[in-house]
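The chain contents come next:
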Amino acid sequence: MRTVIYPGSFDPITNGHLDVIQRAARLFDRVVVAVAENDSKTPLFSLRERRGLVEQAVAPFPGVEVDTFAGLLVDYAQRHAAQAIIRGLRAISDFEFEFQLALMNRKLNERVETIFMMPKDTYTFLSSRIVKEICRLGGDISAFVPPGVEAALKRKLLPAVQPKKRTAAARGRSGKR
Ligand code: ADP
């Protein structure tokens, strides 16, 4: 059984992440999407919410599981008998950090390989951060995230539409109090 871990913050999961997950699922028997608990970035969604959104998004894909993790990724990978870690590479800008991380993980555990996958070209500009920004500004994010994530982002970021209060003038016009 070939197992791969796909770790990340997934704050929230996007169609770019899903593209990488589907590619990995074609190569491995089991893909464990591991939502990071010890996130130094302050996430918008709680760990529970992030996990729930990933679970909903990957439900149609066989061989894909969801879990959360804290601590060293290589230790987590070893506990799951995983042969490899998948990371997504969007652009050259991702490369330097990912290269450093992969080599450090190799130092920590020689047996766990890091594999890089590139998403479909239309997702190369996509990041959780930019999707949150567009949503916050009222833009259309339906092409970038699964429907459950779009709804969750709107609930979190867009102020609820308040029912309009009837003004005194309106009350006067209708004659009602
Ligand atoms: P992290 O905080 O670990 O970077 P992310 O959730 O932002 O977590 O990303 C997890 C992994 O998915 C990283 O390897 C990242 O480069 C990759 N990734 C993020 N967005 C995309 C995308 N649009 N296409 C391909 N890979 C992506």
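Cut-off values and rules
Residues numbered from 1 in each chain as written. Predicted model: local features only at pLDDT ≥ 70, side-chain atom pairs only at ≥ 80, totals over all residues. Heavy atoms only, no water. Salt bridge = Lys/Arg side-chain N within 4 Å of Asp/Glu carboxyl O. Helix = DSSP H or I, 4+ residues; strand = E, 2+ residues; numbered from the N terminus. Buried < 20%, exposed > 50% of the residue type's maximum accessible area, 1.4 Å probe, protein only. Phe/Tyr/Trp six-rings, centres within 6.5 Å; stacked < 30°, edge-to-face > 60°. 1 Å grid on protein atoms, 1.4 Å probe; cavity = no way out; pocket = protein on both sides within 12 Å on 5 of 7 lines; lining within 4 Å. Points joined across faces, edges and corners; volume = space filled by probe spheres on them. Nonpolar A, V, L, I, M, F, W, Y, C, P; charged D, E, K, R; others polar. Near = heavy atom within 4 Å. Areas by Shrake-Rupley, 256 points an atom, 1.4 Å probe, with all protein chains shown as cover. Sits in = over half its atoms within 2 Å of the grid points. Pairing = 2+ DSSP bridges. Axes fitted to C-alpha atoms, helices over the stretch in contact; angles between N-to-C directions. Contact = heavy atoms within 4.5 Å. Patch = residues over 30% accessible without salt bridge, like charges linked within 9 Å, V, L, I, M, F, W, Y side chains within 5 Å.

Trainee: Please clarify how the pattern of salt bridges should be interpreted in this entry.
Mentor: Note that side chains of opposite charge can pair when their charged atoms are close. Evaluated as defined, the whole model comprises 10 salt bridges. Across the salt bridge formed by Lys 156 and Glu 49, the nearest N and O atoms sit 3.1 Å from each other. Of this pair, Lys 156 sits in helix α6 (residues 147-157) while Glu 49 is found in helix α2 (residues 47-58), placing the two residues 107 residues apart along the sequence. Take Lys 156: its relative accessible area is 37%, and that puts it in the partly exposed class. Among the salt bridges present, the one from Asp 94 reaches Arg 90, with a minimum N-O distance of 2.9 Å.

Trainee: In this structure, what is going on with the packing of aromatic side chains? I would like to understand it.
Mentor: One pair of aromatic rings is described through two measures. These are the centre distance and the angle between the planes. Evaluation of the coordinates by the stated rule reveals 4 aromatic pairs. Ring geometry for Phe 125 versus Phe 144: centroids 6.1 Å apart, planes at 85°, classification edge-to-face. With Phe 125 in the loop between β5 (113-117) and α5 (128-136) and Phe 144 in the loop between α5 and α6, the pair connects residues that are 19 residues apart, well separated along the chain.

Trainee: Just checking my understanding: could you explain the layout of surface pockets for this structure?
Mentor: Empty space among the atoms becomes apparent when a probe as large as a water molecule is rolled across them. Quantified by volume, the largest pocket comes out at close to 1200 Å³. Forming the boundary of the largest pocket are 42 residues, of which Gly 8, Ser 9, Lys 41, Arg 87 and Glu 98 lie nearest the centre. For the lining of the largest pocket, the secondary structure elements donating two or more residues are β1 (3-8), α1 (15-27), β4 (84-88), α4 (92-108) and α5. If you tally residues by element for the lining of the largest pocket, the top one is α4, at 7 residues. In the lining of the largest pocket, the residues fall into 18 nonpolar, 15 polar and 9 charged.

Trainee: Help me understand the site of the ligand in this model?
Mentor: The immediate surroundings of the ligand are formed by 17 residues, with Tyr 6, Ser 9, Lys 41, Gly 88 and Leu 126 found nearest. Protein chains bury 89% of the 550 Å² of accessible surface belonging to the ligand in isolation. When atom positions are compared with the pocket grids, the ligand is found to occupy the largest pocket. At the level of elements, β1, α1, β4 and α4 are the ones that each hand at least two residues to the shell around the ligand. Of the residues belonging to the shell around the ligand, the class tally is 7 nonpolar, 5 polar and 5 charged.

Trainee: When you look at the sheet that holds strand β2 (residues 30-36) in this model, what are you seeing that I'm missing?
Mentor: Sheet strands associate in pairs through backbone hydrogen bonding, adopting either a parallel or an antiparallel arrangement. The 5 strands lie next to each other as β3-β2-β1-β4-β5, forming an open sheet whose pairing is parallel. The open sheet is flanked by β3 (64-69) and β5, the only strands paired with a single partner. Ignoring which end each strand starts from, the neighbouring axes of this sheet average 30° apart. Along the sheet, α2 contacts β2 and β3; its crossing angle with β3, the most-contacted strand, is approximately 170°.

Trainee: What is the right way to look at a nonpolar patch on the surface in this model?
Mentor: Together, Ile 92, Phe 95, Phe 99 and Leu 103 make up an exposed nonpolar region whose accessible area comes to about 430 Å². When you line up the elements, Leu 103 lands in helix α4. Taking relative accessible area as the criterion, Leu 103 reaches 37% and is therefore assigned partly exposed.

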